[in-house]
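# Structural overview for review
Now for the letters of each chain:
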Amino acid sequence: MDTELNTLFSFLDRFEPEVSGRSASDLGEHLREKLTRLASGNLTDAERSEVVPALLEREEARLFLISALVPN
Amino acid sequence: MVASLAASGYDAAPAMSENREPPIKFPKDYDVARRALEGDNEAGKVIAMKHQEMLVRVLMARGVKHHDAEDVVADVISECFGARKTGTAGRALLESYEGRSALSTWMVTATWNRWLDAKRRDKYRGELPRFKEEANAGGDDPFERLPDDDEKSALDKDLESLMRSALDAAFASLDAEALLILKLVYQHRVSQELIAMMWQSNQSRISRTISNAREQIRRVTLETINERDPRLSLQWEDFLELCQASSEPLF
């Protein structure tokens, strides 16, 4: 793990707003289906490019992706 | 943080031993420090001019009031070239600099440790039992008070917001997928192996993406800071030190 990047993210985390608390159901069926496929490595490059903006903007999308990636 | 500062600098660092030649990673900085110690006024002036304002800002970024910061920095700079007020009499502080880090980073460490020492003294004195009549004594004596919350929270918003906006600009300059990979790895602790699986790529490629992104962040951040406030003349190590300092509580 890169310590420089850890330091930078820790610094920026101080300014992050509180987690929105929105649930994965707010993501919509279409996006959730794509994220599930991304989690199993089954999205084409073009499809992945489509979901990247949502993943960057929405923490709940990232959390959904991670939960699909690592089942509880 | 405190431990790492103490380990790297001010009080504990031994003078360069004649029997030991530590690697000099910053030969130019080391050279200017040596020349200053040998009495080269120009070198001394360069060190003082280059660091004074930056060090004040570093302290203010941690909640130190402006006049206190100026006092501490003035003390540290003068002790760089002369005897210390306490401790090893007759030894210039700069003797401890071995060129293993940038001189500015070393100065930040020395100055911060000096401030911490002063605050510890304040705290100890502030915790002494007080007589009733002393409670009305005004508390103007700095040794009669504990560091208060207002002091701690009085961050130098200018510096902090400059750092933040420079970092924001650096992250915004990244390719969207690279930024997402960084977020997944560093904010959500997803392994590079899993990222590679999702991206149908291999780990070394993901690792390269991260490494390139880090270089870009470093470059754009410093460019942005130097563009907006050239007086700071921050080096990357200083910036990281400031980020760390700002992310941790005083005590």
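The structure contained in this document is the topic of the report that follows. (Residues numbered from 1 in each chain as written. Chains lettered and ligands numbered in written order. Predicted model: local features only at pLDDT ≥ 70, side-chain atom pairs only at ≥ 80, totals over all residues. Heavy atoms only, no water.)

### Comments concerning the pattern of salt bridges
All names here are of chain A. Counted according to the given criterion, the structure contains 16 salt bridges over all chains. One salt bridge in this structure joins glutamate 33 and arginine 37, with 3.3 Å as the shortest N-O distance. With a gap of four residues between them, glutamate 33 and arginine 37 both fall in helix α2 (residues 29–39), about one helical turn apart. For glutamate 33, a relative accessible area of 35% puts it in the partly exposed group. Residue arginine 37 is classed as partly exposed on the basis of its relative accessible area of 26%. Salt bridges sharing partners connect three or more residues here, namely Glu33, Arg37 and Glu47. (Salt bridge = Lys/Arg side-chain N within 4 Å of Asp/Glu carboxyl O. Helix = DSSP H or I, 4+ residues; strand = E, 2+ residues; numbered from the N terminus. Buried < 20%, exposed > 50% of the residue type's maximum accessible area, 1.4 Å probe, protein only.)

### Here's the deal with the packing of aromatic side chains
In total, this model carries five aromatic pairs over all chains according to the counting rule given. Note on phenylalanine 9 of chain A and tyrosine 186 of chain B: the rings are 5.9 Å apart at their centroids and 10° apart in plane angle, and the pair reads as stacked. Within this pair, whereas phenylalanine 9 of chain A is found in helix α1 (residues 3–13), its partner tyrosine 186 of chain B is found in helix α9 (residues 176–187), the two belonging to separate chains. Exposure class is identical for phenylalanine 9 of chain A and tyrosine 186 of chain B. Each is buried. Summarising the aromatic geometry, the rings of tryptophan 236 of chain B and phenylalanine 239 of chain B are spaced 5.3 Å apart at their centres and angled 15° between planes, so their arrangement reads as stacked. Of the two residues, tryptophan 236 of chain B and phenylalanine 239 of chain B are both situated in helix α12 (residues 236–247); the distance of three residues between them amounts to about one turn of the helix. As far as the burial class goes, tryptophan 236 of chain B and phenylalanine 239 of chain B line up, both buried. Each member of the aromatic cluster is reached from another via a ring pair, and the members are Phe9 of chain A together with Phe171 and Tyr186 of chain B. (Phe/Tyr/Trp six-rings, centres within 6.5 Å; stacked < 30°, edge-to-face > 60°.)

### Observations regarding the interface of chain B and chain A
In many reports, interface size means the accessible area that the parts give up when they come together. Contacts between the two partners involve 36 residues from chain B and, on the opposite side, 32 residues from chain A. Buried area between chain B and chain A, both sides added, is near 3200 Å², and the carbon and sulfur share of it is 70%. Sorting the residues of chain B by area buried against chain A places Tyr186, His188 and Met198 of chain B first, and these three jointly supply 20% of that buried surface. The interface formed by chain B and chain A holds two salt bridges in total. (Contact = heavy atoms within 4.5 Å. Buried area = accessible area lost by both parts, 1.4 Å probe.)

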